[in-house]
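Okay, here's what each chain looks like letter by letter:
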Amino acid sequence: MDEMPDPRTLRRGWTTGTCATAAAKAAFVGWVTGDFPDPVTVTLPGGQTPAFALARTEHHAEGASAGVIKDAGDDPDATHGAMLWVTVGPAPAGAGIRFRAGPGVGTVTKPGLPIPPGEPAINPVPREMIRLALAEARGEVGGPADATVTISIPGGEIIALSTLNGRLGIVGGLSVLGTTGIVIPFSCAAWIHSIHRGIDVARAAGLTHIAGATGTTSEAAVQRLLDLPETALIEMGDFVGGMLKYIRRHPVPTVTIAGGFAKMVKLGQGMIDLHSRAGPVDMAWLADRVREAGGEEAFAGWVPGANAANEVLVEAEKRGVKVADVVAEWAWRTAVGAVGGGAERVEVVVFDRGGGVVGRR
């Protein structure tokens, strides 16, 4: 998506962690008292206290369940409209709050994530939010300090196919996420978070070479080129800076940056956010790179009036002008500056729209 709506006009939503917390609190109260609070109020990490309507409730022989429908606001979130169905019941004395993955919630299978392998994919902040909510409920209605919280997301196994969970080693469904409890529409924070977790998983697996790609074509192409395992592939999109700055603090020996020509031109210009909102391709800069590659002055003079960077690439290839190699060199300089000492070797590979290598440094 090249053009995004003005975030000031968009409605915010709630994370899966917040919705699970509301459902867990309602289920706990329903278990202890027989009556479900509706709406149910929870406290977010920032101190906000939103209230949530319950979509469904159920009593069991031991315990109770409640469901809250996730409202992601105006964010194009894959889990918008999903139900967080939480069952709360007894746990052994001294167990505290135990978490279980129900249908549609994944299980962690690889090291490197905030939750260890074998645990349900319920992140630390949502866990703490639920513990706090149940403590608040105990203060209001009593009840045991030990409880088992089972979170399910009906249909979550299917929704998870459109996420990066499989690559991160989370199998069987979705993750219960959130740090603030609030979804900010079109925020880059969630994407950058997934980049960081991908790097963590690759490092924990002992990989010494990872590749960040700007899109699906360049990712498939760089995997074929370098024969890397899927765990080594980082879907960085436009957030090359988000990846490289994290590697600067969490080193990886070899890093490859893979992308299409226009994106790598931007990186060569010194941009580490490659989205159109951050700025356009500088066609005058690209004209200078054509000159640097040995292109004739007439061709270089034509470049600033070209429709797009890829049009320049096509014309350069017709003339045998290796401008993509020059762009790769400049992009490499930017990448090396951003990653600092976080990588012993940095490589840039430029692909055309068909996935063919047109430049490399």
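This is a predicted model, so every value here is computed, not measured.

Rules used in this analysis
- Residues numbered from 1 in each chain as written.
- Predicted model: local features only at pLDDT ≥ 70, side-chain atom pairs only at ≥ 80, totals over all residues.
- Heavy atoms only, no water.
- Pairing = 2+ DSSP bridges.
- Helix = DSSP H or I, 4+ residues; strand = E, 2+ residues; numbered from the N terminus.
- Axes fitted to C-alpha atoms, helices over the stretch in contact; angles between N-to-C directions.
- Contact = heavy atoms within 4.5 Å.
- Buried < 20%, exposed > 50% of the residue type's maximum accessible area, 1.4 Å probe, protein only.
- Polar contact = N/O pair within 3.5 Å; in protein donor to acceptor, adjacent residues only side chain to side chain.

(A) Looking closely at the sheet that holds strand β4 (residues 56-59). Read from one edge to the other, the open sheet built from five strands follows the order β4-β5-β6-β10-β7, with strand pairing classed as mixed. Lying at the two open borders of the sheet, with one neighbouring strand each, are β4 and β7 (97-101). Neighbouring strand axes in the sheet, compared pairwise and without regard to direction, differ in orientation by 20° on average. Judged from the four bridges that link them, β4 and strand β5 (residues 64-69) form a sheet pairing that is antiparallel. Among the inter-strand pairings, T57 is bridged to a residue of β5, identified as A66. Along the sheet face, helix α1 (residues 16-33) touches β4, β5, β6 (83-89) and β10 (147-152) and points at about 40° away from the line of β6. Where helix α2 (residues 124-141) meets the sheet, it contacts β7 and β10, and its direction lies at approximately 130° from that of β7.

(B) Fine view of unusual backbone geometry. Here D38 and P39 are connected by a cis peptide whose omega angle stands at 10°. As for its position among the elements, P39 is in the loop between α1 and β2 (40-41). One non-glycine residue with positive phi stands out, namely D227, at about 55°. With respect to the element layout, D227 can be found in the loop between α6 (216-226) and β15 (233-235).

(C) The arrangement of the pairing of strand β14 (residues 209-213) in detail. Most of β14 sits inside the fold, with five of its five residues counted as buried. Judged by which residues are buried, β14 turns out to be covered on both faces: H209, A211 and A213 on one side and I210 and G212 on the other are all buried. Across five bridges, the pairing between β14 and strand β16 (residues 254-260) is parallel. When the sheet's bridge partners are listed, H209 is paired in β16 with T254. The pairing of β14 with β15 spans three bridges and is parallel. Considered in β15, the bridge of A213 is made with E235.

(D) Spatial organisation of the pairing of β16. Within β16, six of the seven residues are buried, which leaves the element mostly enclosed by the surrounding structure. Note that β16 and strand β17 (residues 345-351) share seven bridges and pair parallel. Along β17, the bridge assignment pairs T254 with R345.

(E) Looking closely at the side chain of R127. Tracing the sequence through the fold places R127 in helix α2. Looking at R127, the relative accessible area reads 8%, which means it is buried. Here E119 takes part through its side chain, which lies 3.1 Å from a polar atom of the side chain of R127. Beyond its immediate stretch of four places on either side in the chain, R127 contacts F99, I115, E119, P120 and I122.

By themselves, these are just geometric observations and shouldn't be taken as functional.
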